[in-house]
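Residue-level listing of the chains:
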Amino acid sequence: MSRALDKKVLASLQKPDPSAAYQAISEVLSSPSHDRLLEIEILGSTHGLPDGVYVLQEGTAVGVSKLGLVMAFLVARKLLAAHLDATSRKSDDELLTATAVILLMDPEYLTAANTRKRIVQRQLLDGENTAERVFIKEKHIIDSLLTSRLHRHTKSPTLWSHRRWLLQTQASLHIPTSVLSDLTDVVFVAGERHPRNYYAWCHARFLVGLGDEKMNQHDVLEAVKTWCFKHHTDISGWTFLYYLLNRRKTLGYGAASSLISTQVLKLVESLRLSNESIWVFLRTLAAGRHLSDTDYDRFLAVSRDILEKTVDETDKRVLESAVDWCKTYRLDG
């Protein structure tokens, strides 16, 4: 959502009581249910919500009025500023609610994210809640923002950095992280919401490193491959798949690479795919030292077959470039 406000919104801000909007939106964000992530959307003026209605909710699907969010943000920012200036001390629950509203409006509001970090640290020390409970609650709101249909949030460096900090803190307390669950429920969804999501896939690399010893590498590899097959034009997903195959700690590197190369070539052959993303992956994999000559010959044969049947000049250049690059940089086994 853009932070720019049109004249109608600015005029509307002078009319209603902003505290009502803050109450309605904050109540949804501070919901006690942590079983499923919220799916939040911002509703513009075209949705025509009745006066005084700022939130529509059905289950975990939440629609928030843009006007209402702006009003709630003004209240939340004032509340946070008063606390930081020590003019009006607020409880942790009040601050968590206010900062959630602020981050929904502006995911790069670093002061709000840092305030939440301090609260998490305080909660871990006071012992009122178990550490697991603290992390579950915090990840629920952050993950909801990262995976909702909010264009700026899905690739927000501040939100992804905050999540990384949470997992690092969790690991320092010897609380395990489910790599596969975090990949499928958070990274994959953010990758769908915002294609070629650099921050999401960087977080995926972090997750793999964090859960190295206990991670089921086969399940993770299979999940990533499946995601790539469904989003075959997304270079970020293919790059991460190659990263997994190329890691020294990956068991059975050669066998896994050969199998995936065969499966991807079958997909390419059946659908006549010639997009650059998938061919960059294939050429890089074929040029590596862990594919056999048979796999390499198969790569060349499929590329020749598709090239012969391709009419589009751009697609032809992609295929020719992939083969030339592979021949130039292929390593001996």
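Numbering of residues begins from 1 in every chain and follows the order in which that chain's sequence is written. At least 70 in pLDDT is required for a residue's local features to be given in this predicted model, at least 80 for side-chain atom pairs to be given and counted, and no such filter applies to totals for whole chains, interfaces and linings, which use all residues. With hydrogens and water set aside, each side-chain value is computed from the structure's full complement of heavy atoms.

Engineer: What am I meant to see in the overall build of the protein here?
Structural biologist: Each helix corresponds to a stretch of at least 4 residues labelled H or I by DSSP, and each strand to a stretch of at least 2 residues labelled E; elements are numbered beginning at the N terminus. Along its length, the protein carries 15 helices and three strands. Exposure categories follow from relative accessible area, calculated using a 1.4 Å probe and restricted to protein chains: below 20% of the type maximum is buried, above 50% is exposed, and the middle band is partly exposed. The burial tally for the protein puts 47% of its 333 residues in the buried class. Once local pairs closer than 6 in sequence are excluded, the contacts in the protein between residues at least 24 apart make up 69%. Per-residue and other accessible areas were derived by the Shrake-Rupley procedure at a 1.4 Å probe size, with only the shown protein chains allowed to occlude residues. Surface accessibility of the protein: about 16900 Å² in total, with carbon and sulfur atoms responsible for 51%. Between two residues, a contact is recorded if the distance between any of their heavy atoms is within 4.5 Å.

Engineer: Can you walk me through the pattern of salt bridges in this structure?
Structural biologist: If the charged atoms of two oppositely charged side chains come close together, the side chains can form a pair. Within this document, salt bridges are pairs made up of a side-chain nitrogen of Lys or Arg and a carboxyl oxygen of Asp or Glu, the two lying within 4 Å of each other. In this structure the tally under the stated criterion is 13 salt bridges. With its nearest N and O atoms 2.6 Å apart, the salt bridge here joins Arg-163 to Asp-143. Of this pair, Arg-163 sits in helix H7 (residues 157-172) while Asp-143 is found in helix H6 (residues 131-147), placing the two residues 20 residues apart along the sequence. Arg-163 gets classed as buried once you look at its relative accessible area, which sits at 1%. Among the ionic contacts, a cluster of salt bridges with common partners joins Glu-39, Arg-149 and Arg-193.

Engineer: What's the story with the packing of aromatic side chains in this structure? I'm lost.
Structural biologist: Aromatic ring pairs: the centre-centre distance and the angle between the two ring planes describe each pair. Ring geometry is summarised as follows: Phe, Tyr and Trp rings, the Trp one being its six-membered ring, pair when their centres sit within 6.5 Å, and such pairs are stacked at plane angles under 30 degrees, edge-to-face over 60 and tilted between the two. Counting across every chain of the model gives eleven aromatic pairs. With a centroid separation of 6.2 Å and an interplanar angle of 70°, the aromatic rings of Phe-73 and Tyr-109 are classed as edge-to-face. In this pair, Phe-73 is assigned in helix H3 (residues 66-84) and Tyr-109 in the loop between helix H4 (92-105) and helix H5 (110-126), connecting sequence segments 36 residues apart. Given a relative accessible area of 22%, Tyr-109 falls into the partly exposed group.

Engineer: What's the story with the sheet that holds strand E2 (residues 55-58) in this structure? I'm lost.
Structural biologist: Sheets are built from strands that pair by backbone hydrogen bonding, the pairs being arranged parallel or antiparallel. Two strands pair if DSSP finds at least two bridges between them. Judged by pairing direction, the sheet is mixed, and its three strands sit side by side in the order E1-E3-E2 without closing on themselves. Only two strands of the sheet have a single partner each, and these edge strands are strand E1 (39-43) and E2. Each strand of the sheet is rotated relative to its neighbour by a mean of 15°, with strand direction disregarded. Across four bridges, the pairing between E2 and strand E3 (residues 61-65) is antiparallel. Note that in E3 the partner of Val-55 across the bridge is Val-64. To define axes, lines are fitted to C-alpha atoms, for helices over the stretch in contact only, and angles between the resulting N-to-C directions are given on a 0 to 180 degree scale. Along the sheet face, H3 touches E1 and E3 and points at about 75° away from the line of E3.

Engineer: What is the right way to read the packing of helix H13 (residues 276-287) against helix H14 (residues 293-309) from this model?
Structural biologist: For any two helices packed against each other, the geometry comes down to the angle between their axes and how far apart the axes lie. Two numbers describe how H13 lies on H14: the axes approach to 10 Å, and their chain directions differ by 150°. Between H13 and H14, the crossing angle belongs to the class labelled roughly antiparallel. Like other packed secondary-structure pairs, H13 and H14 cross with a definite hand, here left-handed. Counting all contacts with H13, which are made through Trp-279, Leu-282, Arg-283 and Ala-286, the residues of H14 involved are Tyr-296, Phe-299, Val-302, Ser-303 and Ile-306. Here the nonpolar group is Ala, Val, Leu, Ile, Met, Phe, Trp, Tyr, Cys and Pro; Asp, Glu, Lys and Arg are the charged ones; every other residue, Gly included, is treated as polar. Per-class residue counts for the contact of H13 with H14 are seven nonpolar, one polar and one charged. Every angle not falling under 35 degrees, over 145, or within 65 to 115 is termed oblique; those three ranges are roughly parallel, roughly antiparallel and roughly perpendicular. By convention the crossing between two helices is left-handed if the near helix lies anticlockwise of the far one by an angle smaller than a right angle, and right-handed if it lies clockwise.

Engineer: Please clarify how unusual backbone geometry should be interpreted in this entry.
Structural biologist: Excluding glycine, a negative phi dihedral is what most residues carry, and trans is how most peptide bonds are arranged. A positive phi angle, near 65°, is found at Ala-86, a position not held by glycine. Examined against the element boundaries, Ala-86 turns out to sit in the loop between H3 and H4. For Ala-86, a relative accessible area of 49% translates into the label partly exposed. Its identity is not glycine, yet Arg-196 carries a phi of approximately 55°, on the positive side. Examined against the element boundaries, Arg-196 turns out to sit in the loop between helix H8 (179-193) and helix H9 (198-210).

Engineer: Mind showing me how you'd approach the environment of Leu-273 here?
Structural biologist: Inspection of the secondary structure assignment puts Leu-273 in the loop between helix H12 (253-271) and H13. Residues Leu-273 and Leu-300 lie 27 residues apart in sequence; the distance between their C-alpha atoms is 15 Å. The contact partners of Leu-273, leaving out residues within four places of it in the chain, are His-232, Leu-267, Val-268, Ile-278, Trp-279 and Ile-306.

Engineer: Looking at this structure, I do not really get H6. What am I missing?
Structural biologist: Working note: α-helix, 3.6 residues per turn, so residues spaced by three or four point in the same direction. Over its 17 residues, H6 runs 24 Å from end to end, which matches the ideal 24 Å to within 8%, given 1.5 Å per residue. Regarding H6, the residues found buried are Val-134, Phe-135, Glu-138, Lys-139, His-140, Ile-141, Ile-142, Asp-143, Ser-144, Leu-145, Leu-146 and Thr-147. Turning to H6, the residues buried within the fold contact helix H2 (18-29), E1, H4, H5, H7 and H8. One less than the residue count of a helix, multiplied by 1.5 Å, gives the span that helix is expected to have.

Engineer: So what exactly am I meant to see when it comes to the environment of Ser-277 here?
Structural biologist: Secondary-structure assignment places Ser-277 in helix H13. For Ser-277, a relative accessible area of 11% corresponds to the buried category. We define a polar contact as two N or O atoms separated by no more than 3.5 Å, with the added condition that, inside protein, one atom must be a possible hydrogen donor and the other a possible acceptor, whereas residues neighbouring each other in sequence contribute only through side-chain atom pairs. Of the polar contacts made by the side chain of Ser-277, one reaches the backbone nitrogen of Ile-235; its length is 3.4 Å.

Engineer: How should I be thinking about H4 in this particular structure?
Structural biologist: Here H4 spans 20 Å end to end across 14 residues, near enough to the 20 Å set by a 1.5 Å rise per residue. Among the 14 residues in H4, twelve count as buried, and that is most of the element. Buried within H4 we find Asp-92, Leu-95, Leu-96, Thr-97, Ala-98, Thr-99, Ala-100, Val-101, Ile-102, Leu-103, Leu-104 and Met-105.

Engineer: What exactly am I supposed to notice about the side chain of Lys-225 here?
Structural biologist: Within the secondary structure, Lys-225 sits in helix H10 (residues 217-230). What makes Lys-225 buried here is its relative accessible area of 8%. Other than its neighbours up to four places away in sequence, Lys-225 contacts Leu-241, Ile-260 and Gln-263.

Keep in mind that these numbers describe shape and distance, not what the molecule does.
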